[in-house]
2 protein chains.
Amino acid sequence: MKPNLEHINKAFESKARLGIMSILMVNDSVDFTTIKNLLDLTDGNLASHSRNLEELGYIKSNKQFIGRKPNTRFSITAEGREAFISHIRALEDFLKSQNL
Amino acid sequence: MKPNLEHINKAFESKARLGIMSILMVNDSVDFTTIKNLLDLTDGNLASHSRNLEELGYIKSNKQFIGRKPNTRFSITAEGREAFISHIRALEDFLKSQNL
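Residues numbered from 1 in each chain as written. Chains lettered and ligands numbered in written order. Predicted model: local features only at pLDDT ≥ 70, side-chain atom pairs only at ≥ 80, totals over all residues. Heavy atoms only, no water.

Once that is clear, we can look at the overall build of chain A. Summing up its helical and strand segments, chain A has four helices and three strands in all. Taken from N to C terminus, the helices and strands of chain A fall in the order α-β-α-α-β-β-α. Across the 100 residues in chain A, those meeting the buried criterion constitute 48%. Taking contacts inside chain A between residues at least 6 apart in sequence as the whole, the part at least 24 apart equals 56%. Accessible surface computed for chain A: about 5,500 Å², of which carbon and sulfur atoms make up 49%. (Helix = DSSP H or I, 4+ residues; strand = E, 2+ residues; numbered from the N terminus. Buried < 20%, exposed > 50% of the residue type's maximum accessible area, 1.4 Å probe, protein only. Contact = heavy atoms within 4.5 Å. Areas by Shrake-Rupley, 256 points an atom, 1.4 Å probe, with all protein chains shown as cover.)

On to the relation of the copies chain A and chain B. When chain A is brought onto chain B, the operation consists of a screw motion whose angular component is 180° and whose axial shift is 0.0 Å, with 0.0 Å RMSD remaining. Put plainly, the chains are arranged around a two-fold axis. Closest approach to the rotation axis within chain A is made by the C-alpha atom of Glu13(A), at a distance of 2.9 Å. A shared binding surface is used by both copies, with 100% of the interface residues of chain A retained as interface residues in chain B. (Least-squares fit on C-alpha atoms with pLDDT ≥ 70 in both.)

A separate point is the packing of helix 1 (residues 15–25) of chain A against helix 2 (residues 32–39) of chain A. Residue and element names in this part refer to chain A. Running from amino to carboxyl end, helix 1 crosses helix 2 at an angle of 130°, the nearest separation of the two axes being 10 Å. In terms of axis orientation, helix 1 runs oblique to helix 2. The two elements helix 1 and helix 2 meet at a crossing, and its hand is right-handed. Taken together, the residues of helix 2 that come into contact with helix 1 (itself represented by Ala16, Gly19, Ile20, Ile23 and Leu24) are Ile35, Leu38 and Leu39. Its residues assigned to classes, the contact of helix 1 with helix 2 shows seven nonpolar, one polar and no charged. (Axes fitted to C-alpha atoms, helices over the stretch in contact; angles between N-to-C directions. Parallel < 35°, antiparallel > 145°, perpendicular 65-115°, else oblique. Left-handed = near helix turned anticlockwise from the far one by under 90°. Nonpolar A, V, L, I, M, F, W, Y, C, P; charged D, E, K, R; others polar.)

Under the defined criterion, the tally for this structure stands at one cavity of 30 Å³ or more. Approximately 90 Å³ is the volume attributed to the largest cavity. Of all elements in the fold, only helix 4 (78–98) of chain A together with helix 4 (78–98) of chain B reach the threshold of two or more residues within the lining of the largest cavity. Classifying every residue of the lining of the largest cavity gives eight nonpolar, two polar and two charged. (1 Å grid on protein atoms, 1.4 Å probe; cavity = no way out; pocket = protein on both sides within 12 Å on 5 of 7 lines; lining within 4 Å. Points joined across faces, edges and corners; volume = space filled by probe spheres on them.)

What follows concerns helix 1 (residues 15–25) of chain B. Most of helix 1 of chain B is tucked away, with 10 of its 11 residues classed as buried. Those residues of helix 1 of chain B not exposed but buried are Ala16(B), Arg17(B), Leu18(B), Gly19(B), Ile20(B), Met21(B), Ser22(B), Ile23(B), Leu24(B) and Met25(B).

Attention shifts here to the sheet that holds strand 1 (residues 30–31) of chain A. Residues and elements named next belong to chain A. If you trace the three strands from one edge of the open sheet to the other, you get 1-3-2, paired in antiparallel fashion. Only two strands of the sheet have a single neighbouring strand rather than two, namely strand 1 and strand 2 (59–66). Bridge count between strand 1 and strand 3 (residues 69–76): two bridges; the pairing is antiparallel. Across the sheet, the residue bridging to Asp31 is Arg73, located in strand 3. Across the sheet, helix 3 (residues 43–55) is in contact with strand 2 and strand 3; its angle to strand 2 comes to roughly 125°. (Pairing = 2+ DSSP bridges.)

Within the UniProt annotation, "domain: Winged helix DNA-binding" (unreviewed entry) is assigned to residues 17–94 of chain A. Along residues 17–94 of chain A the backbone is 60% helical and 23% strand, and the end-to-end C-alpha distance reaches 18 Å. (UniProt positions renumbered as here; feature names shortened; annotations may be inferred.)

All names here are of chain B. Pairing in this open sheet of three strands is antiparallel, and the strands run 1-3-2 from one edge to the other. Both outer strands of the open sheet, strand 1 (30–31) and strand 2 (59–66), are each paired with one neighbouring strand and no more. Along the sheet, helix 1 makes contact with strand 1, strand 2 and strand 3 (69–76), crossing strand 3 at roughly 85°.

Attention now goes to the side chain of Ser75(A). Inspection of the secondary structure puts Ser75(A) in strand 3. A relative accessible area of 13% places Ser75(A) in the buried class.

Here the focus is the environment of Ser97(A). Residue and element names in this part refer to chain A. Here Ser97 is to be found in helix 4. Taking the C-alpha atoms as reference, Ser97 lies 14 Å from Ile8; in sequence the two are 89 residues apart. Polar side-chain contacts of Ser97 include one of 2.4 Å to the backbone oxygen of Phe94. (Polar contact = N/O pair within 3.5 Å; in protein donor to acceptor, adjacent residues only side chain to side chain.)

Structure, rendered in structure tokens:
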């Protein structure tokens, strides 16, 4: 009866985190505003999610100026790619165990 | 590039919520302590998750005394079953879109 949830990674639990990681899995780097718009997040929301993912070592940010405007681009780290793939596998195992 | 996350239900985002719902999907009713132990949750944690799921109409609780001791059993509602199945489908669609 114990559901198979062991390897599900709490860092990727929320819809926003799934979204951020899946965008960065298939792009070398993506800027803050593009991610924000794709996922319909607020500035504050994305800033806190991305800060946490960066602290965990799953993504990294690159801050630069484009003209006078600051621009932040994110990319996934090798560790982040590996952790996200095993999270996806864990979700797949969980879903298989549901037999729906 | 927009990840397919639309029908993912925020009410089932956390590992604990996935666990609670999947236990109740395959049992008529399960008591508080059994769920708590199966999912390694604290009393407070399970109490807040189950209260929220109940407020959303996804589960219902039945409180009774066994001898002198209060006992709470939970069961899934028809609405909860439907919502959880569509959440599982949405997760499946999201995972398929990952092509991993």
